[in-house]
Amino acid sequence: MSRVRTVLGDLPPEELGVCDAHDHLFFASPRLPGQELDSVPDARAELAAFRELGGRAVVQWTPYGLGRRAGELPALARASGVHLVAATGLHQDVHYAADTLARLAGPALAEVFVAELTEGIGDSGVRAGLVKVAGGFHTLDAHARWTMAAAAEAHHATGAPIAVHLELGTAPLDVLELLCDTLGVPPHRVILGHLNRFPDAQVHRQAAESGCWLAFDGPSRTHHATDWRMPDAVRDLAEAGYGDRLLLGGDTTTAAARSVSGGPGMPHLLRRVAPRLARAVGEETVRHILTTNPARAFAAEWR
């Protein structure tokens, strides 16, 4: 039976509710010095603001080694009344020290993913509910291929969905070719992130035809020149019959982007993005994108 693996345990998909399908409560990378998401009170306030607007679930895509603070997530879920899903996985190599990557070399990486999905992250007792990996700009380098092979192995061992950071929205077809055609991951277990950052309608349509999930997940990040094109991209896919493959998220990755710091943050998804999309595709389609679709995308028959 399919369940969404939250930080408080496995949940029937129909109980997930309105979902921010890609965001971060905690995130720390040397690539973003001074902008770490590491404040528990701020995370609590952000969840409360999201909950007040009707939000009921947040999927945190923060992977291994980037400040997940998994031990804090159960208390935040209980206090806020928001279901939280944690991630295992590995980001691009630029986010890690060389010795960290050396410790994970070879088969060790897949073993870490499987352990965090089935036993827990560190000593937190929190099990991850997805694997997050990343591609490069218009390419998949050796690091991306290594991490995606480990993610595929973890999927085959556990049933977990695989979420993919597409660098500026590029290389989705390369990802699908590797994960699905070569490594045997079913397309409906793959979630492609950041498609809004490279609004190529033909590529979006080709990706959707595979049966994977397409995430438009960047409205909380400032100065993305393509943000204004997202409603058109979503409408085109919905009109082509792929409204049941679409997801929405905020992807708050810096402290300044949080609503409690004056940025758009998680509430922006429901306060501004959802109504804007409703004018393009209708309220019923937006409701499905925020509720029905993530319930299916993140549920798994866990092994």
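Computed from a prediction, not measured in an experiment: that's the story for all the values here.

> A description of helix α2 (residues 73–80) should follow, citing residues and the corresponding values.
Within α2, burial applies to Leu73, Pro74, Leu76, Ala77 and Ser80. Taken down its axis, α2 places every buried residue within 165 degrees of arc, on the same side. For α2, the exposed residues lying more than 90 degrees away from the buried face are Arg78 and Ala79. Downstream of α2 by a residue or two, Gly81 has a phi angle that is positive, lying close to 75 degrees.

> Give a description of the sheet that holds strand β7 (residues 130–134) that names residues and reports values.
Here we have six strands laid out as an open sheet, ordered β6-β7-β8-β9-β10-β11, and parallel in their pairing. Looking at which strands have only one partner, the edges of the open sheet turn out to be β6 (87–89) and β11 (246–248). Each strand axis lies, on average, 30 degrees off the axis of its neighbour in the sheet, ignoring direction. Note that β6 and β7 share three bridges and pair parallel. Within the sheet, the bridge partner assigned to Gly89 lies in β7 and is Lys132. Packed onto the sheet, helix α10 (residues 283–297) meets β9 (190–193), β10 (213–216) and β11 and runs at close to 110 degrees relative to β11.

> Hey, could you go over the state of the cysteines for me, with residue numbers and the actual values?
If you walk through the whole model with that rule in mind, you get zero disulfides. Looking at the unpaired Cys180, the closest cysteine sulfur is the one in Cys212, lying at 7.2 Å. The exposure class assigned to Cys212 is buried, which follows from its relative accessible area of 0%.

> Report on the sheet that holds strand β3 (residues 19–23), specifying residues and quantitative values.
Reading across the sheet, the three strands line up as β3-β4-β5 and stay open at both edges, with parallel pairing between neighbours. Bordering the open sheet on either side are β3 and β5 (83–85), each of which pairs with just one other strand. In this sheet, neighbouring strand axes are inclined to one another by 15 degrees on average, regardless of whether the strands run parallel or antiparallel. In terms of strand pairing, strand β4 (residues 57–60) meets β5 through three bridges, oriented parallel. Across the sheet, residue Val59 finds its bridge partner in β5, namely Val85.

Thresholds applied
Residues numbered from 1 in each chain as written. Predicted model: local features only at pLDDT ≥ 70, side-chain atom pairs only at ≥ 80, totals over all residues. Heavy atoms only, no water. Buried < 20%, exposed > 50% of the residue type's maximum accessible area, 1.4 Å probe, protein only. Helix = DSSP H or I, 4+ residues; strand = E, 2+ residues; numbered from the N terminus. Arc of directions from axis to C-beta. Pairing = 2+ DSSP bridges. Axes fitted to C-alpha atoms, helices over the stretch in contact; angles between N-to-C directions. Contact = heavy atoms within 4.5 Å. Disulfide = S-S within 2.5 Å.

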